[in-house]
Amino acid sequence: MGMPRPVSIATATATAALMLAPLPALAAPGADDGRSSHPVRDGGTTDSRVASTALPSAGAAALSSVGKTSLGLRKDGGYPRRVVLDTLPENPADKSIKLGLAPYHALAPRLNALQETGNRVSVEVTGRSSGGHDLYLVTVTAPESAKEAAEQERMRERIENSPASAAKDRRIKADYKTPVFINNNIHGNEWEGTDAALKLIEELAKSKDSRTKKLLSTSRIHLNVTANPDGRIAGTRANGNGIDLNRDFITASQPEARAIRQIAVDKQPAVMLDLHGYVNGTLIEPTTPPHGENYEYDLFLKNSYANALGMEEAVNDLGYTAEKDGVQPPVIPFRDQEEGWDDWPPIFTPQYMAFQGAVASHTIEIPMRVNNNDYNNLPVEELRRRSAINTAVAGAAMRSTLDFTLDNRETLIADQIETFRRGVAGEKQRIISEETVPGVPGIGPEDIYTTEFPRAYVIPAGDGQRSASAAARLVDHLVANDVKVEQARKSFKLAGRSYPAGSYVVDMEQAKRGLANVILDEGRDISADVSSMYDISGWSLGLLWGANVTKVQRGSLNLEGREVDAASPVGSVARGGDLKLRLDDPKEFAALNSLLAQDVKVRRTADGAAVVPSSARKKAEILADRYGVVFAATKDKGVADLRRTTVAAAVNSGELFALREMGFEVLPVSTATANAGFDWSKADALYVSTGLSHRSLNETARAALGEFLAGGAPVVALGSGGATFNTEAGLLTATPVRGNGNANGVVRVVNTPGPVTGGTQPHSFVYSPIWYTALGKGVRTEQSYGGGNPLVSGHWRANEDGTGGPQAAAGQAAIVSGTAAAGAPVTLFGTEPLFRDHPKGAFAQVGRALLNRLP
């Protein structure tokens, strides 16, 4: 009451994203340690490598060439669409060369030449990798005039937006080209999909047989030649930011994932392959339970299983045997395994594609391992023998899929239309059985996963500063995923609750309701359904991104609104007096760190916010515009100064990325760098989750660290590695209790008012959760797990001895803080608030702890 009205900042939030300089590609081997004796997709479920900033020569070469080629998919014109790709200097360090495969620098010349072979091959540059390398999308199809291409786009849009009428459209049935998407090399050290794709492109470009001509006249075949050029060059699983791209599709934090997302939106594939390695025998989806509950799974399973059988036959027809070649027969997990190879989370490329309309979508794991220790230890001749087999297997899967597409064109398009029609009509999902999905044997109750879609989701406007930036980010994210969002022009009432004008509504009677629900819904506890999971089992952005989201199960939508293509601007600065910046969101930390870098004198309040002096109003206006954050009026003078903080960080790549997203300067540190003489004078705080063992420090390094801690630098220690560091360093008296190491998901938490967690969201994320007991004098609980069963969604069972379950964690301390004897303020986290750039609403807890110097 009585505060001056804020000055609105008129730049849309969509343009206010945090601009990070791309991190270089990592030269070290990837995190995959070869643990795929059973079909684990990623050889491990965490980003286990300690963050590094080494720049390979390949990255430097690529960065020197950027800016010459136009980026993005064309919306106009016909096919072919020829682009003369920039060429790069030869890079003898490219890891592909040892395997006899195509190095990245050879791709552009080869694709340029393929475009000249006739009128079937087109190349577009969809974007650039985090390391600065061009991302190449090849389209192979029969020539189309601009008018014909426009008609194809008209039909595509009708399939999505008017599916009931599209189902009756004779033109679509006769002339619509089936979109096929083949994604290759998303894990950089799983190479051979790229080389199989190049061979396929050449065959399709030159073949004169009638079947190929018919295929290309009835299909568009889109091939992402290498989804991860940074990793291909460096021989790493991850991209140049150290991120596993095949875990990024729910958040799309990386440019490579965003490029693939745009391909999905623009091309709307009905059929999709994602080429991986290495599991012997060749693994071909569909998967074991649990199956994602938001799919139209009857349509998906029918087509995916049929295509899998064809791929299995094509791989067997290559003639490789276990005795002669070391190649085991293919495996179709749905048919051949009980559990352990699931399609539950939407983070994998084929699972994401199902929400964009793919009705046959597969991960293919080619058989012969050539990466990691095998790459380093096997003779070159043996590596090249294996790579040749892998390339042939990948090629067989691709060709068989194209045969399937040609032979089943009408069914595939009809089933994609039906997927979207059910969404628009608001119909219930179909229960799968051997009767409803003929041709797929062995369907049982363990395969049945469905959900009840709500009528709508509402993201309210004007419900507090905390959620303004988060709500805008969530709306922009939904729109980028091709989910339709409306904004109310007037206040309205829905299911008995009133909402103000400006609120956002996601009407769930839309084509891509499954994608909307998988992003916004709280999810499901599947702990009782299967014994363990490969990867995350809960991920709700509706609960974890800091926005307030209301689920409306039923009701009539009488909304006067407009469909949005971006969230409305939310940045504003109060007209007079000092300014308060709530530190609840990564964008607010980015704005704060920018102010501190400009030597603005900012103070911290008792509840963890920042007070910005009125003299910095002009700077605040620029930052409100850039980041879409709110600087409110305040009379609070604060309790302590804030200062620019450089973080010494022993962290994984996901945490490193999140820290930099918040605007922190980061100096990676490890046991090795500390023992080699790390310069602690350059750091203002320490974050430890992995890679820094206090016990393994030499005497000089331990003394240097002790001197740093005695200076009062804040320490944040997270997870098992952080708990061990805390104990060995003798920082806080607190006993870590480790929950089930396989547990993960969204949990309810109770936050204690104060500078670390006060006012932050009531949900967090756990991965191998920890809680703290036996707290020493002066150790404070900042956050505790909710009562009863705190797990909202995910997978968290007790250990075999009954310990470590969610009920054991209920009410226990999830985050604690205190002051070490050496004088350093310490915060210990048992949750995972920076996990894979994912639970953004919890980022602030780490940011606040890093700034929490003693007054």
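What counts as what
Residues numbered from 1 in each chain as written. Predicted model: local features only at pLDDT ≥ 70, side-chain atom pairs only at ≥ 80, totals over all residues. Heavy atoms only, no water. Axes fitted to C-alpha atoms, helices over the stretch in contact; angles between N-to-C directions. Helix = DSSP H or I, 4+ residues; strand = E, 2+ residues; numbered from the N terminus. Parallel < 35°, antiparallel > 145°, perpendicular 65-115°, else oblique. Left-handed = near helix turned anticlockwise from the far one by under 90°. Contact = heavy atoms within 4.5 Å. Pairing = 2+ DSSP bridges. pLDDT = per-residue confidence, 0-100. Buried < 20%, exposed > 50% of the residue type's maximum accessible area, 1.4 Å probe, protein only.

Chemist: Whenever I open this one, the packing of helix 2 (residues 104–115) against helix 6 (residues 192–206) confuses me. Can you help?
Modeler: To characterise two packed helices, one gives the angle between the axes of the helices and the distance between these axes. For the pair helix 2 and helix 6, interaxial distance at closest approach is 11 Å and the crossing angle is 15°. One way to sum up the angle between helix 2 and helix 6 is to call them roughly parallel. For the pair helix 2 and helix 6, the sense of crossing is left-handed. Note on element contacts: helix 6 touches helix 2 through Thr 194, Leu 198, Lys 199, Ile 201 and Glu 202, opposite Leu 107, Arg 110, Leu 111 and Leu 114.

Chemist: When you look at unusual backbone geometry in this model, what are you seeing that I'm missing?
Modeler: What you tend to see is this: most non-glycine residues have negative phi, and most peptide bonds are trans. In this chain, Gly 277 is followed by Tyr 278 through a cis amide linkage whose omega measures 0°. Position of Tyr 278 relative to the elements: it lies in the loop between strand 6 (271–277) and strand 7 (283–284). The amide bond that connects Asn 280 to the next residue, Gly 281, takes the cis arrangement and shows omega of 10°. Within the element layout of this structure, Gly 281 appears in the loop between strand 6 and strand 7. You will see that Ala 495, though not glycine, has its phi angle at about 55°, which is positive. Its location among the elements puts Ala 495 in the loop between strand 13 (492–494) and strand 14 (497–499).

Chemist: Teacher, can you tell me more about the sheet that holds strand 15 (residues 504–507) here?
Modeler: Sheets are built from strands that pair by backbone hydrogen bonding, the pairs being arranged parallel or antiparallel. Strand order in this open sheet of five strands is 16-11-15-12-17, and the pairing throughout is antiparallel. Every other strand in the sheet has two partners, leaving strand 16 (550–552) and strand 17 (561–563) as the edge strands with one partner each. The mean inter-strand angle of the sheet, taken between neighbouring strand axes irrespective of direction, is 25°. Pairing analysis gives three bridges linking strand 11 (residues 456–459) to strand 16, with the strands arranged antiparallel. Paired with Tyr 457 across the strands is Lys 551, a residue of strand 16.

Chemist: What exactly am I supposed to notice about the packing of helix 7 (residues 210–218) against helix 15 (residues 380–407) here?
Modeler: For the pair helix 7 and helix 15, interaxial distance at closest approach is 10 Å and the crossing angle is 70°. On the basis of the axis angle, helix 7 is roughly perpendicular to helix 15. In the packing of helix 7 onto helix 15, the handedness of the crossing is left-handed. Contact with helix 7, carried on its side by Arg 211, Lys 214, Leu 215 and Thr 218, involves Leu 402, Asp 403, Leu 406 and Asp 407 of helix 15 and no other residues of that element.

Chemist: Which parts of the structure should I look at to understand the confidence of the model for the chain?
Modeler: For any part of a model where pLDDT is low, the fine detail of the predicted coordinates should not be relied upon. When pLDDT is averaged along the chain, the result is 91; 91% of the residues meet or exceed 70. Scored below 50 in pLDDT, residues 1–67 makes 179 contacts in the model with residues more than four places away or belonging to other chains.

Chemist: Please explain the pairing of strand 29 (residues 744–751) as it appears in this structure.
Modeler: Within a regular beta strand, the side chains point alternately toward one face of the sheet and then the other, so they alternate between its two faces. The buried fraction of strand 29 amounts to six of the eight residues, a majority that puts the element mostly inside the structure. As paired strands, strand 29 and strand 30 (residues 763–767) are joined by five bridges and run antiparallel to one another. For Val 747, the partnering residue across the bridge sits in strand 30 and is Ser 764. Two strands pair when backbone bridges link them, and strand 29 and strand 33 (residues 791–795) are joined in this way by four bridges, in the antiparallel orientation. Bridge pairing in strand 33 places Val 746 opposite Ser 793. In the sheet, strand 29 pairs with strand 32 (residues 780–785) via three bridges, with the strands oriented antiparallel. Among the inter-strand pairings, Val 750 is bridged to a residue of strand 32, identified as Ser 784.

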